[in-house]
Amino acid sequence: MDFNLSTLFFSAAAYLLLLFVIAYGTERGWLPRAVAHHPVFYVLALGVYATTWSFYGSVGFAERYGIAYLPIYLGATIAFLLTPVLLMPLLRLARDQQLTSLSDVFAFRYHSQAAGVLVTLVMLTGILPYIALQIRAVAESSQWLAGGETTVHFLAVVFCITVAVFAIIFGARHVTPREKHTGLVVAIAFESLVKLAALLVIAWVAMSLAFDGPIGLNRWLADNPERLEAFYQPALDGPWMSLLFLAFAAAFLLPRQFHMIFTENLKPGSLLKASWGFPAYLLALSICIPPILWAGQVLQPGTGPEYYVLGIAVLSDSPLLVIITYLGGISAASAMIIISTLALASMTLNHLVLPLTRARPRQDLDLYATLRWTRRALIALMIAAGYYFFLMLDPGEGLVDWGLISFLAMAQFIPGVVGVLWWARANVWGFIAGLLGGTLVWLDALFLPALVGTEPFFLLGFPTAPESPTDIYGLATFWSLSFNALLFAAVSTLTPQTGPERQAAEACRDLGHPMTFGTLVADSPAQFVVQLAPVTGDEAARAEVGKALNDLGLDWTENRPDRLKHLRDQIERNLSGMMGPVLARMIVDERLELDHSVSPAHTQNIRQIEERLESSSSRFRGLTAELDRLRRYHRQILEDLPLGVITVTANQRIVRWNTAMQQLTGIPAADALGNRLEDLPEPWGRLLGRFIAFGQPHAHDQAQVPGDGTRWLSLHRTRIGEPGKGRTNDSLMLVEDVTELRVLERELAHSERLASIGRLAAGVAHEIGNPVTGVASLAQNLREEDDPALVRESVEQILEQTRRISNIVHTLVSYAHAGGTEEAPPDPVSLRAAADEARQVMVLSRRGKEMEFDNRIPEHLEVLGDGQRLVQVFVNLFSNAADACEQQGRLVLTARERGDRIIVRVADNGPGIPASALKKVLDPFYTTKPAGQGTGLGLPLVYNIITDHGGTLDIESDVGGTTVTLEFPSP
Amino acid sequence: MPGTLDPRARGNSVILGLLAVFLLCTPFATWWLSQTPPWYLPFLAWAVVLVLCWLVVRKLRPHGL
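Residues numbered from 1 in each chain as written. Chains lettered and ligands numbered in written order. Predicted model: local features only at pLDDT ≥ 70, side-chain atom pairs only at ≥ 80, totals over all residues. Heavy atoms only, no water.

### Regarding the overall build of chain A
Piece 1. Counting its secondary structure elements, chain A contains 40 helices and 14 strands.
Piece 2. The proportion of buried residues among the 971 residues of chain A is 55%.
Piece 3. In chain A, once contacts between residues fewer than 6 apart in sequence are set aside, the share between residues at least 24 apart is 75%.
Piece 4. By element, 59% of the accessible surface of chain A is carried by carbon and sulfur atoms, the whole surface being about 40,400 Å². (Helix = DSSP H or I, 4+ residues; strand = E, 2+ residues; numbered from the N terminus. Buried < 20%, exposed > 50% of the residue type's maximum accessible area, 1.4 Å probe, protein only. Contact = heavy atoms within 4.5 Å. Areas by Shrake-Rupley, 256 points an atom, 1.4 Å probe, with all protein chains shown as cover.)

Below you can see the structure in the form of C-alpha cells.
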C-alpha cells in the first residue's frame with residue numbers, strides 16, 4: 001500500500017491545523033476554563049516527553065537491546081516519584097522568582113550572566129541532535145509510505161518549514177514566557193492521546209495479525225523461549241544503569257520537559273497528580289513495544305525494526321489506520337519541536353541575544369513587539385539548525401542513538417541542580433568548571449564522533465576504549481559526570497562565594513525573597529515609570545509597574561518606603577519572567593536605584609524582616625527556632641500592652657502600631673505602618689506630630705475624636721537605644737487614655753466644692769440672717785414712718801441690705817457652679833483678683849471673717865489657666881488657714897517672678913502642721929479634723945489643680961505657721 | 001532542604017524512590033532480569049509502585065504555592 005505524498009502532506013497539515021484550532025479555541029474560551037485547567041490536561045501534556053524516539057525508535061532499540069529500552073521510561077518514573085523533594089521545590093522556585101527556563105534557574109542561583117550563557121549554549125548544542133532525530137523520523141517514515149518516490153532531504157525540508165510555521169503561530173503569539181499557554185497545553189495533551197491511542201491500536205492489531213491475540217503471543221513466547229531470553233539478556237550486558245540515570249535527568253531538564261512541568265504549570269496540585277499520572281502514561285506507552293517488536297519479527301512488514309509500527313499498520317490493509325499511525329509519528333515529532341524551540345527561543349533571547357549584544361530596548365521601540373519578533377526568528381533559526389544536524393549526523397545509527405546524545409548533554413546539569421536545591425556552598429566557579437569539564441567529555445565521546453566522525457580520544461587508557469559500541473554510553477555517562485561533579489565540588493570549595501550568590505542560595509533553599517537594603521531613590525510608582533521608561537519604553541514601563549502594583553494589591557498613590565521596595569522586587573520578578581533574571585536585575589539595579597550611602601536604621605526594615613521571618617518560621621530549627629519564639633513573645637508583649645505603643649523612625653515613619661493604638665484611634669496597623677505621622681487622619685496626625693515636635697518626654701493633651709467626643713491623653717516619649725551604639729534617632733511613644741481618670745477627678749473636685757460649701761453653710765446662714773433682720777426692722781419702722789426723708793433713708797438702707805444679700809448669694813452660687821464638666825480653654829487669670837474673689841467667699845464664714853487678709857500679689861501677675869479653679873485653690877488654702885488659726889489669724893499673700901516662673905506664697909501664722917502629718921496632707925481623704933468636719937480632699941484637689949496648670953506645690957510648716965508655695969509657669 | 005510539603009510527605013517519596021532504585025539499580029535488578037520472568041511482569045511491578053505513589057500523594061496539599 002503506497003500513499004501519495006500530497007495525501008501525506010495534507011493530512012499532516014490538517015492535523016497540525018487541528019492542533020492549532022484546539023489551542024486557539026481553548027484560549028478563546030470554547031472550552032470552559034474549569035475544564036481547560038483540569039490536571040488531566042497538564043498530565044497528558046507531559047507526554048511530550050515521548051517523541052518519535054518512543055513512537056518509532058523504541059522498537060528498534062528493543063530489537064537491539066531488549067528490555068533495555070525500558071530505562072528511558074523508568075528513569076523518568078523515578079524522577080517523578082521524587083516530586084515532593086525534587087520537582088516541587090523547583091516549581092516553587094520557578095513560580096516565586098518567575099524563572100521560565102533552566103538557564104534562568106542557574107543564572108539566578110549562581111547570580112551570574114555567564115552561567116546563563118553557558119547553560120544556554122550547552123542546551124542549544126545538546127538539543128539539536130534531538131530535533132534532527134524528529135526530522136529524520138518524519139522524513140524516513142514519509143519516504144517509506146510514499147514508496148520511496150522522493151528523497152528524504154526534500155521531505156525533511158517540507159516538514160521543517162511546516163512545523164516552523166506552526167511553532168511560530170503556536171508559541172510566539174504571547175509576549176513573554178511567563179504568560180501561560182493554556183491552549184498549547186490542551187493541544188499537546190490531545191497530541192499525547194493521539195500517540196498513545198495509535199500505539200495501543202497498533203499493538204492490538206500486531207498481536208491479532210501475528211498471534212491471534214495476547215494469549216497467542218504468550219503461547220508463542222512459551223514455544224520460543226529464546227525470544228524471551230533475547231529480550232532480557234542485553235539488559236544484563238548493556239547500558240541499563242546509565243540509561244536509567246540519563247532518563248532521570250532528562251525527565252525534568254530537557255527544555256520541553258522543564259517548560260511543561262514548571263513554566264506551564266497552573267496549579268501546584270497538578271504536579272502532585274503528575275507524580276503518578278505521567279509515569280502511568282509512560283507505562284501504557286511502553287507496554288505496547290514488546291508485542292509490536294515480536295509481531296514485526298514474525299510478520300516482517302518490509303521495514304527496519306524502527307518502523308515496524310508503520311509496517312504493521314500497512315499490513316492491516318486499513319488506510320485509515322495507516323494515516324492515524326503516520327499522524328501519531330507527526331504528532332510526536334511536531335510537539336517535541338514546537339515546545340523545544342519555544343523554550344529554547346526564550347532562553348536564547350534572554351541569555352544570549354540580549355545580554356551578549358548588549359541590546360537594550362529603546363524608548364522609541366515597542367518592547368513587546370521586539371521581543372515577539374525576535375523569538376519568532378530564533379524559532380525558525382533553531383529548526384534550520386536542526387535540519388543541518390539532520391544532514392550531518394550518520395543516518396546509519398539508530399534513532400535512539402541520536403537521542404542519547406542529547407540526554408547526556410542534559411545530564412551535565414545534575415550537579416548544578418544539586419547546588420540549587422541542597423548545597424548552598426556551591427558557587428558559580430564550581431558550576432562553570434564542572435559544566436565545562438563534563439561538556440568537554442560529552443563532546444569528545446559522543447557529539448563530535450556523531451557529527452564529524454572523530455574517534456573518542458582515549459588518553460593513556462583513560463577512559464579506556466570500550467569493548468563494544470554500546471558501552472560508549474555507559475563510559476561517556478560515567479566519565480563526563482565524574483569530571484563534572486569533581487570539578488563542581490572542588491572548585492566550589494576552594495573559591496569564595498559572593499554575597500549576592502549567598503543570598504540567592506538562601507532564596508533557593510528558604511524560598512523567600514532576598515532582602516534588599518538601602519533607601520529607594522524613587523518615592524512613588526509614577527517615578528518608577530519615569531525611571532524605567534528610557535529602557536523599556538513608556539507603554540511597557542507603565543504596564544510593568546501597573547502589573548506589579550496589581551500583583552501586590554497596591555495602588556498608584558502608594559508612597560510608603562517598605563511597600564515601594566516590595567514593588568521594586570516584584571517588578572524585577574516580572575521582568576525576569578519576560579527577559580530572564582540577569583537582565584531584569586541589571587535593569588532594576590540601574591533604573592530603580594537604591595541609595596546605599598544612607599544606611600537606614602533597622603527600624604525601617606522591621607516590616608521586611610518580620611515578613612521574611614514569618615514566612616520562614618516553619619523552617620527554623622534549634623537555637624534559631626528559640627530566638628524566633630523569643631522575638632514573637634516580646635512582640636506580643638507590645639501588642640498586648642494596654643497602652644498605645646508607636647515607634648517612629650527619625651523621619652517620622654511609623655514602624656510599630658500596636659493593638660491598643662488601633663483600638664484608641666480606630667486606625668488599623670496596616671493603614672498606619674509605613675506612613676508618616678502627619679499622614680494619619682485627624683486628630684491623630686496633628687496631635688502626635690505636635691508631641692514629637694514638642695521635644696519633651698511627657699505631655700498631656702486632648703483629642704476630639706469624631707464620634708467619640710473628647711479623649712484626654714497622657715503621652716510619653718523616649719529615644720530608642722541600640723546596644724553598643726547609644727541612642728538612635730528613632731522614637732518610642734506611649735499613649736495613655738486617661739479620660740476616665742479625668743472624669744473621676746472632675747466629679748471629685750465638684751464633690752469637694754459642694755462639701756466646702758456645706759462647711760460654709762452655717763456662716764452663710766448667719767451672714768444672710770443679719771441683713772434679713774435689718775430689712776425686717778426697717779420695714780417695721782416704715783409702717784409707722786410718715787416723714788418722707790426718713791422713709792427715703794429707710795428705703796436706701798433696705799436696698800443696701802438686699803444688695804448685701806445678693807452679693808453673698810451670687811458669690812456662693814458662682815463658686816458652686818465653677819469647675820463644670822467642660823474645661824474652658826486656658827485664659828490669662830489675674831492672681832490678685834482670684835485671691836480677692838476667694839477672700840470674698842471665705843469671709844462668709846465666721847472664722848474667715850475673723851482672719852486678717854493681706855493680699856500683696858502684684859496686679860500685673862497673671863497665669864494661663866482656669867480662673868474658677870484657681871479661685872478654688874485659694875478658697876481651700878484660706879479655709880485650711882482659717883481652721884488652723886482660730887483667733888487673730890493672719891494670712892499674707894505674696895508673689896514674684898523668677899525667670900519663667902511665678903512664685904506665689906500663702907503664709908499663715910497658725911500653729912503649723914506636725915511633721916508626721918506634713919508628709920500625708922496631700923494624700924486623698926487624709927484629714928486631722930474630726931469626722932464630719934473635713935473630707936481630706938482639699939489639699940489633694942489643690943495639688944491636682946496646680947499640676948494641671950503646669951505648676952508645683954510645696955508646703956513648709958513650723959510652729960510659727962504654714963507657708964504654701966505655688967509655682968506656675970509664666971504665660 | 002527547601003520544602004513545600006510536610007516532612008512526612010518528603011520522607012515517603014524518598015522511600016518510594018529508594019524502592020524504585022532497589023528494584024532497578026541494585027544486584028536485585030540483575031537477579032530478576034536473569035530470571036526471564038513473563039514479559040508483562042515488570043510492567044505489573046511498575047504499576048504497583050505507581051499505586052503506592054498515588055497512595056502517598058493523594059492527601060497532600062502543596063503549602064504556600
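Picking up where we left off.
### Let's talk about the interface of chain A and chain B
Piece 1. Across the contact, 47 residues belong to chain A and 37 residues belong to chain B.
Piece 2. Roughly 3,700 Å² of surface becomes buried between chain A and chain B when both sides are summed, with 81% attributable to carbon and sulfur atoms.
Piece 3. Linking chain A to chain B there are zero salt bridges.
Piece 4. In this structure, the connection of chain A to chain B is made through five residue pairs in polar contact (both at pLDDT 80 or more).
Piece 5. Contributing elements (two or more residues each) for the side of chain A that touches chain B: helix 5 (71-81), helix 6 (83-97), helix 11 (214-223), helix 12 (225-237), helix 13 (240-253), helix 15 (268-286), helix 16 (289-299) and helix 24 (499-510) of chain A.
Piece 6. By residue number, the principal contributor to the side of chain A that touches chain B is helix 15 of chain A, which donates ten residues.
Piece 7. Broken down by class, the residue content of the side of chain A that touches chain B amounts to 37 nonpolar, five polar and five charged. (Buried area = accessible area lost by both parts, 1.4 Å probe. Salt bridge = Lys/Arg side-chain N within 4 Å of Asp/Glu carboxyl O. Polar contact = N/O pair within 3.5 Å; in protein donor to acceptor, adjacent residues only side chain to side chain. Nonpolar A, V, L, I, M, F, W, Y, C, P; charged D, E, K, R; others polar.)

### Side note on the packing of helix 27 (residues 561-579) of chain A against helix 28 (residues 581-591) of chain A
All names here are of chain A.
Piece 1. With their axes 7 Å apart at the nearest point, helix 27 and helix 28 run at an angle of 140 degrees to one another. Regarding the angle of helix 27 to helix 28, the classification is oblique. At the point where helix 27 passes helix 28, the crossing takes the right-handed sense. Between helix 27 and helix 28, the contacting residues are Arg568, Ile571, Glu572, Leu575, Ser576 and Met579 on the first element and Pro581, Leu583, Ala584, Arg585, Ile587, Val588 and Asp589 on the second.
Piece 2. A class-by-class count of the residues in the contact of helix 27 with helix 28 yields eight nonpolar, one polar and four charged. (Axes fitted to C-alpha atoms, helices over the stretch in contact; angles between N-to-C directions. Parallel < 35°, antiparallel > 145°, perpendicular 65-115°, else oblique. Left-handed = near helix turned anticlockwise from the far one by under 90°.)

### Comments concerning the packing of aromatic side chains
Residue and element names in this part refer to chain A.
Piece 1. Going through the model one piece at a time under the given rule, you end up with 38 aromatic pairs over all chains.
Piece 2. An angle of 80 degrees between the planes, with centres 5.2 Å apart, marks the rings of Phe55 and Tyr56 as edge-to-face. The pair Phe55 / Tyr56 is uniform in exposure class, with both members buried.
Piece 3. Relative to Tyr307, the ring of Tyr56 has its centre 5.0 Å away and its plane inclined at 50 degrees; by these criteria the two rings are tilted. Note that Tyr56 is positioned in helix 4 (residues 52-65) and Tyr307 in the loop between helix 16 and helix 17 (308-315), a separation of 251 residues in sequence.
Piece 4. The exposure class of Tyr56 is buried, given its relative accessible area of 0%. (Phe/Tyr/Trp six-rings, centres within 6.5 Å; stacked < 30°, edge-to-face > 60°.)

### Quick word on the UniProt feature "transmembrane region" (unreviewed entry) in chain B
Piece 1. In the numbering used here, UniProt assigns the feature "transmembrane region" (unreviewed entry) to residues 12-33 and 39-57 of chain B.
Piece 2. Secondary structure over residues 12-33 of chain B splits into 95% helix and 0% strand, and the C-alpha atoms at its two ends are 27 Å apart. (UniProt positions renumbered as here; feature names shortened; annotations may be inferred.)

### Side note on the packing of helix 11 of chain A against helix 12 of chain A
Two quantities define a packed helix pair, namely the angle between the helix axes and the distance between the axes.
Residues and elements named next belong to chain A.
Piece 1. Remark: helix 11 packs on helix 12, axes separated minimally by 4 Å, with the N-to-C direction vectors making an angle of 90 degrees. With respect to helix 12, the axis of helix 11 lies roughly perpendicular. Of the residues in helix 12, those touching helix 11 at Trp220, Leu221, Ala222 and Asp223 are Pro225, Arg227 and Leu228.
Piece 2. Considering only residue class, the contact of helix 11 with helix 12 consists of five nonpolar, no polar and two charged.

### Details of the environment of Ala284 of chain A
All names here are of chain A.
Piece 1. For Ala284, the position within the fold is in helix 15.
Piece 2. For Ala284, a relative accessible area of 21% corresponds to the partly exposed category.
Piece 3. For the pair Ala284 and Leu199, spaced 85 residues apart in the sequence, the C-alpha separation amounts to 9.2 Å.
Piece 4. Apart from the residues lying within four places of it in its own chain, the contact partners of Ala284 are Leu196 and Leu200.

### Brief notes about the pattern of salt bridges
All names here are of chain A.
Piece 1. The final tally for this structure, using the stated rule, is 20 salt bridges over all chains.
Piece 2. The residue Asp562 makes a salt bridge to Arg563 at a minimum N-O spacing of 3.3 Å. For the pair formed by Asp562 and Arg563, the shared burial category is buried.
Piece 3. Across the pair Glu852 and Arg890 runs a salt bridge whose closest N-O atoms are separated by 3.1 Å. In this pair, Glu852 sits in strand 9 (residues 852-855) while Arg890 sits in strand 11 (residues 890-898), placing the two residues 38 residues apart along the sequence.
Piece 4. Where salt bridges share partners, they join Glu852, Asp854, Arg856 and Arg890 into one cluster.

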